[in-house]
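Summary of structural features
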Amino acid sequence: MGTGDDRADSRSYALGRPLVEREAEISAIDDLLSSLPDGAGRVLCLEGGPGLGKSRLLAEAASRARDRRIRVLRCRAHEVEREYPFALALQLFEPALARCERAERDSLLADAAGLAAPLFGGRDLGGEPLVERSDFALVHGLYWLSLNIAHGGQLLICVDDLQWSDEASSRFLLYLAERLEGTPIGLLVANRPSGPGNADKWLAGFRRRPGMSRLSLCALNAGGVSAVVRFSFPSADDEFCAACAEVTGGNPFQVHEVLHEVAAHRISPDAGTSALLRDLGAATVGRAALFRLIRLGASARAVAEAVATLGDGAPLRRIAALADLDVETAARAIDALAIEGILEPGQSPAFVHPLIRELVAGDTPPARRAMAHRRAARVLAGEDVAPEQVAAQLLEAPGVGEAWAVDALRAAARRARAHGAPDAAIQYLRRALDEPPDQDSLEQVMAELGAAEMVVGAEGAVEHLRTAYDRQCDPLKRAETARLLARALAAKDQAGEAATVIEAAIAQVRDLDPDLAVTLIGDYLVSTALQPSLRQVSVTRVDPLLRSLPAASIAAQRRVNAGLALRLAQEPGPASDIVELADRAWDGGALLTEEGPDGPAWMMVVWALLLAEEYSRAERVTSAVIGAATEAGSVTAFAAGSYYRGFSRLRRGVLVEAQADAEAGMTAGGGGRSVYAAAAGILPCLILLERGDLQGAEAALTAASKRESRWMPAQAFRLHAAGRVAMGRQQPAKAIELFLQAGDWLETQLGAQHTVVPWRLDAARAALASGDPRRAQSLVEPLAELSDRVGLRIAAANAWGVLGLVSGGDEGITLLRRSAAQLSETPARLDHAYALAALGGALRRAGHRSDARPLLGEALDLARRLGASALAAGVHEELSAAGARPRREAVTGIASLTPSEQRVGRLAAQKRTNSQIAQALFVTPKTVEYHLRHVYEKLAITGRHQLEAALAEPTG
């Protein structure tokens, strides 16, 4: 694999020749380089067909950058490495890291950049447990590695032949391109405008990126061809120049090939040669390099084919081995090829132009080329190289049933999954089946292929896992495969069959491995949690299993406790028992440590705590998850954790912080990476309603409704939020209908008596608003009874509040007082503010204005501190009606900051740098600078040193 870095460029073809008719491109390159010292990094894309001079322009850009003391990293994509995840990224960064002292390397890979460190470790995962992650962690780490390399200076990244980039590297380059603003990094890429490589969706996204400069290279006109010809042959006559232009079509590569032949054969560039050129034609001229290669003999041909197979920069020993030559003969052939202008001179053989490599490869008969790839794989397998390099060769080679090839492909697939590239793993494992594997390893390949296919939802996952499951005789391996098969079945909405598979596995291993049996029970609880019929069945089946199993480890029991806590909360059972089970599952964070932030068990713990109204506990769990997700670079877990924490904070009434969580999760998740994207989009709707922004809430709901979601309760959340918006629009009849639809969906589809969606409470309030107190009473009484029975203090108090408004008179005021008093003892501060407002309003209407004023004043103060502008506006009117003269609140100080500004400001007040804040929030340093600038302006301070004092004012 070829590499490029900030050393002087040695490509003889690219340098030392005139740049003709490329003034616009050179001007654009100079503009790009000039923007870097000011931190105005951006992207420049050069597009053109083969031979038009893209590589020459990249070489010129690198040379000009070095003249300005700008560091340069270079790479060129290779067709054979398109299925090698992060191959292009490794070309960029590996040489720079390899030449660093240990301390400098550690500094470059510090903090978020460390997420990319596994790419450069070269570890053979062997028998280590597979730690599968999204490739976002590596992409995010490479982005920060780029920033660290550029720190204190400027950096130009040059990428040639982008159309052949592997998909993972394309994702990184696109991620980088989207975040260049405000950095001293320029990205210069060269790409062909059409061809099979450009079908890649990431490259299409790269071209569509707003703000990217894009230039299309054209062939030289006749005058340009004459200028190139006369640079090498000043005496060339007009007829010869015209013939060159006609035969080559103005393609610079072909022009140089003609000139090379003229010089090599000492031909006069005159009218006689012009006639010969026209007789030969463009096709022959284009293949001139092949004719030179043929003249050099069999050894040179073998070496050229070996370089074409292995890729630029392969060491001499590999080239000699593949060409079946001794090292001295191979070295002499390389020198001869360099003299003929086919290979670059120097220690690392490389074709002078990608077109020559393509000509050599294309001229090799297909069967011989395929077997050359297989021999190359065998050569690489005998050396200490990454398995992906071996696998990339095997993908181009026929299968002959050799065990070493299957082993290499499995090893490459394992590393690909660990690096977040399951698509590449699927390619490797499907190729392993074509080898084919022997009978002993066939079931393993099937299981690994099914597991990789399951990650991306590819067809075949269930079939391959079922085949592996049916073939396995070892009960423990069979049980592990059963876990994967059950997950794949559940993803295909076959939860019943998934449960059956797990039950059978439990029966097989219960006496062999109690820990595995308990783990399977945890899987069973997860797979049945959102299936009403299965959840009821699991109640009768899981309890006897747990009682009859031998003692399992505490670690194995944690996941089961998480599932049991959620099941009990859904029934619902006593809140105290739910909390006890959830605490035992969480075990001070041990569950998170074992499963990682991407595991499902912590979500079950949070759901259980939310259903038990333990919002502060849920917030502590989600804060730990967010921290772990940041450290692991898991944007999905960060988005999910932010959503759950925002939901917990909304229930506590901490609206500004809840909105900051919602915004952080949506920003990091790109609006759609997380399975909770739809629900996360609804969260801002509910918050904005409380903050008095009805228009913004409607926009948030509309955006959320457009997102597809695999999360089962998403539809109920949408309906409930739409009902809240209808209430904001003073449409109580429509709101009731929407709330009841949400409740019907939850009860029939989810089969849950108790959920976190307060549809009964809101439907009752809507019924009151529509003048139907009897209906409101019928809706809220079941909630009051259930809440009293299981100890849900917040839900019970809110139900009493509605019943108080239904009853009216002294009895109603007594219920409203009871509601406000109980809510004052809970963390639900927004609910408490609403209860105070309801009580104060009832007292005013009953003629007790003096008793009403202090309660309404307390409600107004609390609503303002919480940021509940909608409630504050209503209470302000009530206070005025009660004879008070409440002041209008001026929006200044902390209250004037947006949620994101508050979050960034508080992190900065903790002495975190802009870089550390950006890494913690999965945003760019430019975004942090933007927010801080507004924080300073709004708080009337001049810098970081004043933040702690300025933000000390309590915000609720």
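All of these numbers come straight from a predicted model, not from anything done at the bench. (Residues numbered from 1 in each chain as written. Predicted model: local features only at pLDDT ≥ 70, side-chain atom pairs only at ≥ 80, totals over all residues. Heavy atoms only, no water.)

Scanning the protein from terminus to terminus reveals 49 helices and 5 strands. A buried classification covers 57% of the 956 residues belonging to the protein. Of the contacts formed within the protein by residues at least 6 apart in sequence, a portion of 69% connects residues at least 24 apart. Accessible surface, the protein as shown: approximately 38400 Å² in total, 50% of it carbon and sulfur. (Helix = DSSP H or I, 4+ residues; strand = E, 2+ residues; numbered from the N terminus. Buried < 20%, exposed > 50% of the residue type's maximum accessible area, 1.4 Å probe, protein only. Contact = heavy atoms within 4.5 Å. Areas by Shrake-Rupley, 256 points an atom, 1.4 Å probe, with all protein chains shown as cover.)

The parallel open sheet is built from 5 strands, whose spatial order is β2-β3-β4-β1-β5. At either end of the open sheet lies a strand with only one pairing partner, and these are β2 (71–76) and β5 (213–216). In this sheet, neighbouring strand axes are inclined to one another by 15° on average, regardless of whether the strands run parallel or antiparallel. Judged from the 5 bridges that link them, strand β3 (residues 155–160) and strand β4 (residues 185–191) form a sheet pairing that is parallel. (Pairing = 2+ DSSP bridges. Axes fitted to C-alpha atoms, helices over the stretch in contact; angles between N-to-C directions.)

Its 19 residues give helix α38 (residues 732–750) an end-to-end C-alpha distance of 26 Å, which sits within 8% of 27 Å, the value for a rise of 1.5 Å per residue. If you check which residues of α38 are buried, you get P732, A735, I736, L738, F739, A742, G743, W745, L746 and L750. At the exit of α38 stands G751, carrying a positive phi of roughly 65°. (Expected span 1.5 Å × (residues − 1).)

We now examine the pattern of salt bridges. Pairing is possible between side chains of opposite charge, provided their charged atoms come close. The full count for this structure, using the stated rule, is 51 salt bridges. Between E402 and R374 there is a salt bridge, with the nearest N and O atoms lying 3.2 Å from each other. Here E402 is found in the loop between α19 (387–394) and α20 (403–418), whereas its partner R374 is found in helix α18 (residues 366–381), with 28 residues between them in sequence. With a shortest N-O distance of 3.7 Å, R765 and D762 are connected by a salt bridge. (Salt bridge = Lys/Arg side-chain N within 4 Å of Asp/Glu carboxyl O.)

Taken as a whole and judged by the stated rule, the model has 8 aromatic pairs. On the basis of an interplanar angle of 65° and a centroid distance of 5.9 Å, the ring pair of F93 and F172 is categorised as edge-to-face. Note that F93 is positioned in helix α3 (residues 87–98) and F172 in helix α7 (residues 167–177), a separation of 79 residues in sequence. In this structure F172 comes out as buried when scored by relative accessible area, which is 1%. (Phe/Tyr/Trp six-rings, centres within 6.5 Å; stacked < 30°, edge-to-face > 60°.)

Look at the link from E435 to P436: it is a cis peptide, with omega at -5°. Structurally, the position occupied by P436 is in the loop between α21 (422–434) and α22 (439–456). For the bond running from E571 to P572, omega is -10°, close enough to zero to count as cis. For F86, which is not glycine, the phi dihedral falls at a positive 65°.

Contact geometry for helix α36 (residues 694–705) and helix α37 (residues 714–728): axes closest at 10 Å, N-to-C directions at 155°. Put simply, α36 runs roughly antiparallel to α37. α37 is crossed by α36, and the crossing has left-handed handedness. Each of L694, E698, L701, A704 and S705 in α36 lies in contact with α37, whose residues at this interface are R718, A721, A722, V725 and G728. Its residues assigned to classes, the contact of α36 with α37 comprises 6 nonpolar, 2 polar and 2 charged. (Parallel < 35°, antiparallel > 145°, perpendicular 65-115°, else oblique. Left-handed = near helix turned anticlockwise from the far one by under 90°. Nonpolar A, V, L, I, M, F, W, Y, C, P; charged D, E, K, R; others polar.)

Another point: the pairing of β2. Buried residues dominate β2, accounting for 5 of its 6 residues. Pairing geometry for β2 and β3, over 6 bridges, is parallel. Following the sheet pairing, R76 is matched in β3 by D160.

Two elements in contact, helix α39 (residues 759–769) and helix α41 (residues 793–807), have axes separated by 10 Å at closest approach and are oriented at 15°. In terms of their interaxial angle, α39 and α41 are classed as roughly parallel. In the crossing of α39 with α41, the sense of the turn from one axis to the other is left-handed. Together, L761, A764, R765 and L768 of α39 and N798, A799, V802, L805 and V806 of α41 make up the contact between the two elements. Grouping the constituent residues of the contact of α39 with α41 by class yields 7 nonpolar, 1 polar and 1 charged.

Our next topic: the confidence of the model for the protein. Overall, the prediction assigns the protein a mean pLDDT of 85, with 88% of residues at 70 or greater. Below pLDDT 50 for its whole length, residues 670–674 participates in 11 contacts with residues either more than four positions away or in separate chains. (pLDDT = per-residue confidence, 0-100.)

In this section: the side chain of R318. Turning to its location among the elements, R318 is positioned in helix α15 (residues 316–323). At a separation of 2.8 Å, a polar atom in the side chain of R318 contacts the side chain of E383. Setting aside residues up to four positions removed in sequence, R318 forms contacts with L310, V379, L380, E383, V385 and Q389. (Polar contact = N/O pair within 3.5 Å; in protein donor to acceptor, adjacent residues only side chain to side chain.)

So, on to the pairing of strand β1 (residues 43–47). Among the 5 residues that make up β1, 5 are buried, leaving the element largely enclosed by the rest of the structure. Burial of β1 is two-sided: the residues V43, C45 and E47 facing one way and the residues L44 and L46 facing the other way are all buried. Two elements, β1 and β5, share 4 bridges in a ladder whose sense is parallel. Bridging from a neighbouring strand, C45 pairs with R214 of β5.

Compared with the 18 Å implied by 1.5 Å per residue over 13 residues, the 19 Å span of helix α45 (residues 869–881) between its first and last C-alpha is a close match. Listing the buried residues of α45 in full gives L871, A872, V875, H876, E878 and L879. Buried residues of α45 fall within an arc of 165° about the axis and therefore sit on the same side. Once α45 ends, the next one or two residues include G883, with phi positive near 95°. (Arc of directions from axis to C-beta.)

In this fold, Y834 is placed in helix α43 (residues 829–845). Owing to a relative accessible area of 31%, Y834 belongs among the partly exposed residues under this scheme. The sequence separation of Y834 and L823 amounts to 11 residues, and the corresponding C-alpha distance is 9.8 Å. Not counting chain neighbours up to four residues away, the residues in contact with Y834 comprise E690 and L871.

Within the element layout of this structure, Y644 appears in helix α33 (residues 635–652). For Y644, a relative accessible area of 1% gives the class buried. In the structure, Y644 is positioned 38 residues away from V606 in sequence and 7.6 Å away in space, judged by C-alpha atoms. Polar contacts involving the side chain of Y644 include one to the side chain of W607, which spans 2.8 Å.

Before going further, it helps to examine the environment of G874. In this structure, G874 sits in helix α45. Given a relative accessible area of 35%, G874 falls into the partly exposed group. Here the alpha-carbon distance between G874 and L860, two residues 14 residues apart in the chain, equals 8.9 Å.

Right, let's get into the state of the cysteines. For the structure shown, the criterion picks out 0 disulfides. There is no disulfide at C244, and the cysteine sulfur nearest it, in C241, is 6.5 Å away. (Disulfide = S-S within 2.5 Å.)

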